[in-house]
Amino acid sequence: MTLGSVRYDIRINRSAADVWRLAGDPARLADWFPGITSCRVDGTVRTITLGSGMVMPEEILVHDAHQRRFQYRITASIFEYHRGTIDVIDLGDDTCLVAYATEADPRAMALTIAGGTAGALDELKRQMETPMETPVETVTEPPAAAASATNRAN
Amino acid sequence: MGRKILFVTTDQQRYDTLGCNGGILARTPVIDAIAESGHRYERAVPQSVVCMPSRSTMITGQHPSTHGVWMNGVALPLDAPSVASVLHAAGYHTALIGKPHFEPFLDPFARFPENRFARDGLVGLHRGFEHFEAATHGGAGPLHYARWLANNHPEAVNLFYPVLDARLEVNDLGGGATGAPQVWDNAIPREWYHTDWVADRTINWLQTLDTGDDWFCWMSFPDPHHPWDPPACELGRIDWREVPLPDGYIEGAVEREAVLDTKPRHWKAWYDGSLVTNFEAPNSWVPATLTPDHVREVNARNAIECELIDEALGRVMTAISGRGWEDDVDVIFTTDHGELQGDFGLLFKGPYHVDGLMRLPLIWRQARSAHAAPSTVTRPVGLVDLAPTFCTIAGLAVPPFMEGSPLPVSDTDADARGFERVLTEWDSEVFGVGVHLRTITRDGWVCTTYQPGTVHDGTEGELYDLHDDPFQQVNRWNDPSLVSLQDDLVADLWDHQPAQRTPLRRVEAPV
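On a predicted model such as this, the values are computed, not experimentally measured, just so you know. (Residues numbered from 1 in each chain as written. Chains lettered and ligands numbered in written order. Predicted model: local features only at pLDDT ≥ 70, side-chain atom pairs only at ≥ 80, totals over all residues. Heavy atoms only, no water.)

*Asks:* Any details on the overall build of chain A? Residues and values, ideally.
*Replies:* When helices and strands are tallied, chain A shows four helices and seven strands. Put simply, chain A runs from its N terminus to its C terminus through helices and strands in the order β-α-α-β-β-β-β-β-β-α-α. Sorting the 154 residues of chain A into buried and exposed places 53% on the buried side. Relative to all contacts within chain A whose residues are 6 or more apart in sequence, the contacts with residues 24 or more apart total 52%. (Helix = DSSP H or I, 4+ residues; strand = E, 2+ residues; numbered from the N terminus. Buried < 20%, exposed > 50% of the residue type's maximum accessible area, 1.4 Å probe, protein only. Contact = heavy atoms within 4.5 Å.)

Next up, the structure:
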C-alpha cells in the first residue's frame, strides 16, 4: 500500500453558512470544481464525469450540515483506497476556512486528485467573493441515505 | 526574409549517444553532418535534469528558480514568458510538434490546455505556437499523436510499453531478452511510431508555409526517453549481446558500492532499494538488481531509438532542402537532460548531478547565409542560453526576462562574453521526502551543494574534477587539498544563483 495524503485549504471572505450551501451540496460539485463536467447524485451514490471523459463513481460517506463536513470515496477500481473530505470551518468573523483533504492509494492519484481540489478551492473562493457570483440560492438537503452514512461514520 | 529556425529536441539523451560526440553504438550520420558544419558544444548543461523544469527553461530562457517549475508536476503558468511568443510577435510562423510537457501529463480532469487541444480538435495557439501538435512516449492518452493513432491504427494503441503500472507509478515491468526494466518488444510498424509521426507532422506543417515566410519550428521527439520500446522491426540494427558496457558502469559490485558510498547518502539508498526520492524512476525497482546484460539491452534499444531520430531528422532536412530553404535555416539540436544508462549501476534519472544526466548533446548549425565557421566550443553553456539564441538568429533583441545569453560560437567568443559557469537546480518534495541540490559547473569542475531536507542536513556535497575523473567516481568534497577551490565554487554558485520564486508553485500531479 502506498497511501498518499494531501490537504489544501483556503480562507474565504464569506460566511461559512453561505459557502457550505455551495460546497456542501454534492450535486453542485461541477459548479465549482474545474475539470468536472457533470455530476449526478442518487442517494449515497454520486457519479462525476471528468474533463478527460472518465466517469468516476463515488460513495457519499458523510454529509453533515451541522459540522459542515462532506466526505466521500471514489469507488473506481483504479483506487485501492480513497477519501475526500471537505470541511467548511467558521472563523467567527464572517469568513471561513475551507479545507479539502485527499487520501488515496495509489499515492500518484492522491497528488493528481489533490491538484484538482486545489484548483477547485481557488474557484470556490473566486465565486464566493465575486458579488455577481454568489450561487447560494439552492439549498439541497442531504439525502436520507447520506445522512445515515454520516451517522455511521461518526 | 530572415533566418528560419529548426529547433530539434529529444528527451533524455546522453551526450555520448551521438557519433560526433564519440558515440560508437548509434549511427547518427545526419546529426554528425550538421555538427561537422556547425558549432558542437562539449559542455552543454541543463538547468534541471528532469523534463518539465528543463523544458520550461528552454521556452522561457529562465532558470527553474525564476520560472517556478521547480519539479515535475508543477505547471508552467500560461502567462509565463515564451520565446515562441516573442518570435510570433515579430512575424515568425511558429510550431511545436512533439513532446511539450510544460504542463502535467497525468491530468484526468483535463485541467491543462496541453491535454485538451486534441480533444477539442485544436492545433494552437498555445504559448506562442500557432501550430501545436503534441505527442509523448506511448500510444494512449489525450495528446494529438494518441488521437491520431486511435483514429487511424487503433490496433496499435496498446502495443507500446505500459509506462505506468496499475498503481500509476512508473512501471518496473521488464521485457526484451533480459527482462530489463522498461524494455519492451513493440510490434508497431515503424511508420506509425511517434518518432516518424513527429517528423511527418513537421514536414506537413512546413509544406503549409510560403517560401518567403520566416518560421520557428520546435520539433520535439519523445525518444530516447524510456520506455525502450522502439519498433520491433528495427531491433536487428544492433545486437544487444555485442554492446559494450559503458565506461561509467562499474562491473564489480564491491567497487561500485564503494564509489556510491563516497556520495551523499541518497545515492546508495536508491541503489539498494531503501529510499526512492522522486517519481522519475520505477518506485519498486531496485537498481542493485541491474545486470550487465540489462545495461547492454537498454543501451542497444536506446541507440536504435537515436538512429530512428537521426533518420527522421534526415527526412525533415530533405524536405527543407526541397523548399529551397537550405541557405536560410538554422538548426539547433539538443535534449532536455540525460540518462544514467548504467553509470554507477543505475538507470533513469533523479537528483544525481553527474555527466550521465548533465552533459548534453548540443549542436548549432547556423544558416549558410550567416557564413559562420564550424567550431567546437568547450566552455560551459546552458539550455537557458537557447531562447536568447533564437532571438538573436531572428535579429531581435534579447528580452529582459531571459537570463541566458546567445550561445557562443567559439571558445574565444565564450571567453569574451563571460561564459564561465552554468547552474543546475534540483528540488523535490514527494510525500515527505525533500531533496534540494544546487550545482555549478565551472573551470572543469562540477560542484554540488545540498540544502537541508529530509535526507540531507545541508553539509553534504559533491565535487568532481571533470578532466581527471570523467565519470565522477571520486568525490572530492571536503578534500583538504581542495578546500579553497570548493569554497570559491560554492561562493560563485550563490553569487549567481537566482532567488527562488516564492511561494513555490503547487505540485499538480506526479508528472
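*Asks:* Mind laying out the pattern of salt bridges, listing which residues take part and the relevant values?
*Replies:* Under the definition given, this model contains 51 salt bridges over all chains. Between A:Asp18 and A:Arg14 there is a salt bridge whose closest N-O contact spans 2.9 Å. Residues A:Asp18 and A:Arg14 agree in their burial class; the two are buried. B:Arg506 is the partner of A:Asp122 in a salt bridge, and the nearest nitrogen-oxygen pair spans 3.3 Å. Placement of the pair is A:Asp122 in helix α3 (residues 107-129) and B:Arg506 in the segment after α13 (483-496), with the two residues belonging to separate chains. What emerges from the salt-bridge pattern is a single network uniting B:Arg27, B:Arg190, B:Asp196, B:Asp200, B:Glu234, B:Arg237, B:Glu307, B:Glu311 and B:Arg315. (Salt bridge = Lys/Arg side-chain N within 4 Å of Asp/Glu carboxyl O.)

*Asks:* An account of the interface of chain B and chain A is requested, with residue identities and associated values reported.
*Replies:* Chain B puts 19 residues into the contact, and the matching count from chain A is 30 residues. Of the roughly 2,000 Å² buried where chain B meets chain A, counting both sides, 62% is carbon and sulfur surface. Of all residues in chain B, B:Phe109, B:Arg167 and B:Phe431 give up the largest surface area on contact with chain A, accounting jointly for 37% of the area buried on that side. Seen at the junction of chain B and chain A, the total is three salt bridges. For A:Asp105, the salt bridge goes to B:Arg167, with nearest N and O atoms at 2.1 Å. At the boundary of chain B with chain A, the tally comes to seven residue pairs in polar contact (both at pLDDT 80 or more). Of the residues belonging to the side of chain B that touches chain A, the class tally is eleven nonpolar, one polar and seven charged. (Buried area = accessible area lost by both parts, 1.4 Å probe. Polar contact = N/O pair within 3.5 Å; in protein donor to acceptor, adjacent residues only side chain to side chain. Nonpolar A, V, L, I, M, F, W, Y, C, P; charged D, E, K, R; others polar.)

*Asks:* Any chance you could break down the sheet that holds strand β14 (residues 445-450) of chain B for me, citing the residues and the numbers?
*Replies:* All names here are of chain B. In space, the four strands of this open sheet follow the order β12-β13-β14-β15, with antiparallel pairing throughout. Sheet topology places β12 (421-430) and β15 (461-465) at the edges, where each strand pairs with a single neighbour. Adjacent strand axes in the sheet meet at a mean angle of 10 degrees, parallel and antiparallel pairs treated alike. (Pairing = 2+ DSSP bridges. Axes fitted to C-alpha atoms, helices over the stretch in contact; angles between N-to-C directions.)

*Asks:* Describe the nonpolar core, listing the residues and the values that go with them.
*Replies:* Among the nonpolar cores identified, the biggest contains 50 residues, and B:Phe216, B:Leu386 and B:Phe390 are the most heavily contacted of them. When residues no more than four places from it in sequence are discounted, the contact partners of B:Phe216 are B:Ile5, B:Phe7, B:Ala84, B:Leu87, B:Tyr92, B:His93, B:Thr94, B:Ala95, B:Phe129, B:Trp205 and B:Phe390. (Core = buried A, V, L, I, M, F, W, Y, C linked by side-chain atoms within 4.5 Å.)

*Asks:* Tell me about the side chain of B:His225, and please be specific about residues and values.
*Replies:* All names here are of chain B. Tracing the backbone through its elements, the reader meets histidine 225 in the loop between β7 (215-224) and α7 (253-261). Given a relative accessible area of 7%, histidine 225 falls into the buried group. A polar side-chain atom of histidine 225 sits 3.2 Å from a polar atom in the side chain of lysine 349. Excluding anything up to four places from it in sequence, histidine 225 contacts Asp11, Gln12, Cys51, Lys99, His137, Glu305 and Lys349.

*Asks:* Describe the packing of helix α1 (residues 29-36) of chain B against helix α9 (residues 292-322) of chain B, and please don't skip the residues or the numbers.
*Replies:* Residue and element names in this part refer to chain B. Put simply, α1 and α9 touch, their axes get as near as 7 Å, and they point 60 degrees apart. The angle between α1 and α9 places the two elements in the oblique class. Here α1 contributes Pro29, Val30, Ile31 and Ile34 to the contact with α9, which in turn contributes Asp310, Leu313, Gly314 and Met317. Tallied by class, the residues present in the contact of α1 with α9 amount to six nonpolar, one polar and one charged. (Parallel < 35°, antiparallel > 145°, perpendicular 65-115°, else oblique.)

*Asks:* Hey, could you go over the packing of aromatic side chains for me, with residue numbers and the actual values?
*Replies:* Going through the model one piece at a time under the given rule, you end up with 24 aromatic pairs over all chains. Look at B:Phe160 and B:Tyr193: their rings are 5.9 Å apart centre to centre, the planes differ by 15 degrees, and that puts the pair in the stacked class. Remark: B:Tyr193 occurs in the loop between β6 (180-181) and α6 (194-207) and B:Phe160 occurs in the loop between α5 (144-152) and β5 (174-175); sequence separation between them is 33 residues. Each of the two residues, B:Phe160 as well as B:Tyr193, counts as buried. Grouping aromatic residues by their ring pairs yields a cluster made of B:Trp228, B:Trp267, B:Trp270, B:Trp285, B:Phe344, B:Phe348 and B:Tyr352. Just above the ring of A:Tyr8 sits the side chain of B:Arg506; from NZ or CZ to the centre is 5.8 Å. (Phe/Tyr/Trp six-rings, centres within 6.5 Å; stacked < 30°, edge-to-face > 60°. Lys NZ or Arg CZ within 6 Å of the ring centre and 35° of its normal.)

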